[in-house]
Every structure is written in structure tokens, then in C-alpha cells.
Amino acid sequence: MTTGTVTLAPLRHADVPRCHEIELSLFPGDDPWSENAFRSELDNGNYYVGAYADDDLIGYAGLAASEYEASVHTIAVVRHWQGRGVGKMLLKDLLARVDEINVPVYLEVRTDNEPAIALYLAHGFEHLGLRRRYYQPSGADAYTMGRPAQSV
């Protein structure tokens, strides 16, 4: 169902099977994250947030940060919620975390993911480079993008 209010909350271990299900539906031509990969991210203390509509997990985003830099590990939104601002909500939440520690943030994005690229550009990211055949097994290329530290 695509009605209701979207809320953000910390991702829970109980959400891991749903995250994997979303990965399988969104990234079938590449190597979707396993349940173990999500568990490892949560266990290692990385910041993960879920987007929930009527208690259903419809998206998630993850970030690793140090005192020197941050890296967006993933942002995913189920297809029937894409284009409704959920990805923007998730990105803004991650960037608020990054801004608290005032470090630059980096990410990789498929070169053919125009909506995501536009979102990142709108939030201060710029193209830094190209990683050929970054996504496997599809061999899709990725842009490396970065945003400088923001003083708050």
C-alpha cells in the first residue's frame, strides 16, 4: 500500500530479512546484500535508518563514519515508493549525521541511476571519478561522488 505517513527510525535486526528481500527485488542483476551483510553492518555500529509506512519497511539507508570521513553504504527504496521523497528523507537523515561530525562524505552510484545522481547533486555532492565495472556481476559502472564537510 502506498498511502500513509513515512517515518524514519533506526534499522533493527528484525528488519534484516525485509532488507534482503528489498535488495533482491531492486538489484537482481548485481550482487544484492545478504542478510549476514546487513547484520554485520548493524553489529559493527554503523548508522542505519529505516523508512516505515504503516509499520512496513519501505526503504533504508546506511552510513559508516570516522573522525575523518563518512561513506554512504546504501540507500534503497521499494519501487512503488520511489519518486515520493523517501530517498530524499533517508539521504537528509544520513547527511545530518555527517554534519554533526563535520567530515566529507563519499558514495558510489550507478552511472545509469539518473534519479539518484540528481538527488545527490541537489544535496551538494559532485562527481569525483568513475569506477569501471564496479557493480558485479552486471559490470555496471559507478560514479564516485563526494560532498565536502559542512560547518553547522
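All of the points below concern the structure found in this document. The numbers attached to residues start from 1 for each chain and follow its sequence in the written order. Confidence filtering applies because this is a predicted model: local features only for residues at pLDDT of at least 70, side-chain atom pairs given and counted only at 80 or more, and all residues used for totals across whole chains, interfaces and linings. Calculated side-chain values reflect all of the structure's heavy atoms, with hydrogen atoms and water omitted.

## Considerations on the overall build of the chain
Link 1 in the chain: Along its length, the chain carries four helices and seven strands.
Link 2 in the chain: Counting from the N terminus, the helices are DSSP H or I runs at least four residues long and the strands are E runs at least two residues long. Each helix (α) and strand (β) of the chain, taken in turn from the N terminus, gives the series β-α-α-β-β-β-α-β-α-β-β.
Link 3 in the chain: Each radius of gyration reported is based on C-alpha atoms, and the globular scaling rule is 2.2 Å times the count of residues to the power 0.38. Taken over the C-alpha trace, the chain has a radius of gyration of 15 Å; the compact-globule value for 152 residues is 15 Å, and the two agree within 12%.
Link 4 in the chain: With respect to the principal axes defined by its C-alpha atoms, the chain has extents near 35 × 35 × 30 Å.
Link 5 in the chain: Scored against the burial criterion, the 152 residues of the chain give a buried share of 41%.
Link 6 in the chain: For the chain, the accessible surface area stands at approximately 8200 Å², while carbon and sulfur atoms represent 49% of it. Relative accessibility under 20% of the residue-type maximum defines a buried residue, over 50% an exposed one, and the middle range a partly exposed one, all with a 1.4 Å probe and only protein chains included. Method for areas: the Shrake-Rupley scheme with a 1.4 Å probe, in which residue coverage is limited to the protein chains shown.

## Things to note about helix α2 (residues 35-43)
Link 1 in the chain: All of the buried residues in α2 are F38, E41 and L42. Within α2, the buried residues cover an arc of 95 degrees as seen down the axis, which keeps them to one side. Along α2, the residues that are exposed and aim more than 90 degrees away from the buried face are N36 and D43.
Link 2 in the chain: For this analysis, residues touch if any pair of their heavy atoms sits within 4.5 Å. Against the buried residues of α2 lie α1 (16-26), β2 (47-53), β3 (56-65) and β4 (70-77). Comment: arc refers to directions from the helix axis out to C-beta atoms.

## Comments concerning the pattern of salt bridges
Link 1 in the chain: Note on definitions: salt bridges are taken to be side-chain nitrogens of Lys or Arg within 4 Å of carboxyl oxygens of Asp or Glu. Enumeration over the complete set of coordinates arrives at nine salt bridges.
Link 2 in the chain: For D141, the salt bridge goes to R132, with nearest N and O atoms at 3.2 Å.
Link 3 in the chain: Connected via shared salt-bridge partners are R18, E21 and D56.

## Description of the sheet that holds β3
Link 1 in the chain: Strand order in the open sheet formed by seven strands is β1-β2-β3-β4-β5-β7-β6, with mixed pairing between adjacent strands. A strand with exactly one partner marks an edge of an open sheet, and here the two such strands are β1 (6-10) and β6 (126-135). Pairwise comparison of adjacent strand axes, ignoring direction, gives a mean angle of 25 degrees for this sheet.
Link 2 in the chain: To obtain each axis, a line is fitted to C-alpha atoms, and for helices this fit is confined to the stretch in contact; angles are then taken between N-to-C directions over 0 to 180 degrees. Contacts from α1 reach β3 and β4, with the element oriented near 95 degrees to β3. In this description, strands pair whenever DSSP reports at least two bridges between them.

## A word on helix α3 (residues 86-101)
Link 1 in the chain: In this model α3 runs 24 Å from its N-terminal to its C-terminal C-alpha over 16 residues, within 8% of the 22 Å that 1.5 Å per residue would give.
Link 2 in the chain: Those residues of α3 lying buried are V86, G87, L90, L91, L94, L95, V98 and D99.
Link 3 in the chain: Within two residues after α3, N102 carries a phi angle of roughly 55 degrees, on the positive side. What a helix is expected to span follows from its residue count: subtract one and scale by 1.5 Å.

## Some details on the environment of R147
Link 1 in the chain: The residue R147 is located in strand β7 (residues 140-147) in this model.
Link 2 in the chain: In this structure the C-alpha to C-alpha distance between R147 and H123, which are 24 residues apart in sequence, comes to 8.2 Å.
Link 3 in the chain: For R147, the contacting residues outside a window of four places in its chain are L95, V98, D99, P104, V105, H123, G124 and F125.
Link 4 in the chain: Among the polar contacts made by the side chain of R147, one reaches the side chain of D99 at a distance of 2.3 Å. Any pair of nitrogen or oxygen atoms within 3.5 Å is treated as a polar contact; in protein, a donor-acceptor pairing is required on top of that, and neighbouring residues in sequence qualify only through side-chain atoms on both sides.

That is the geometry; function is a separate question.
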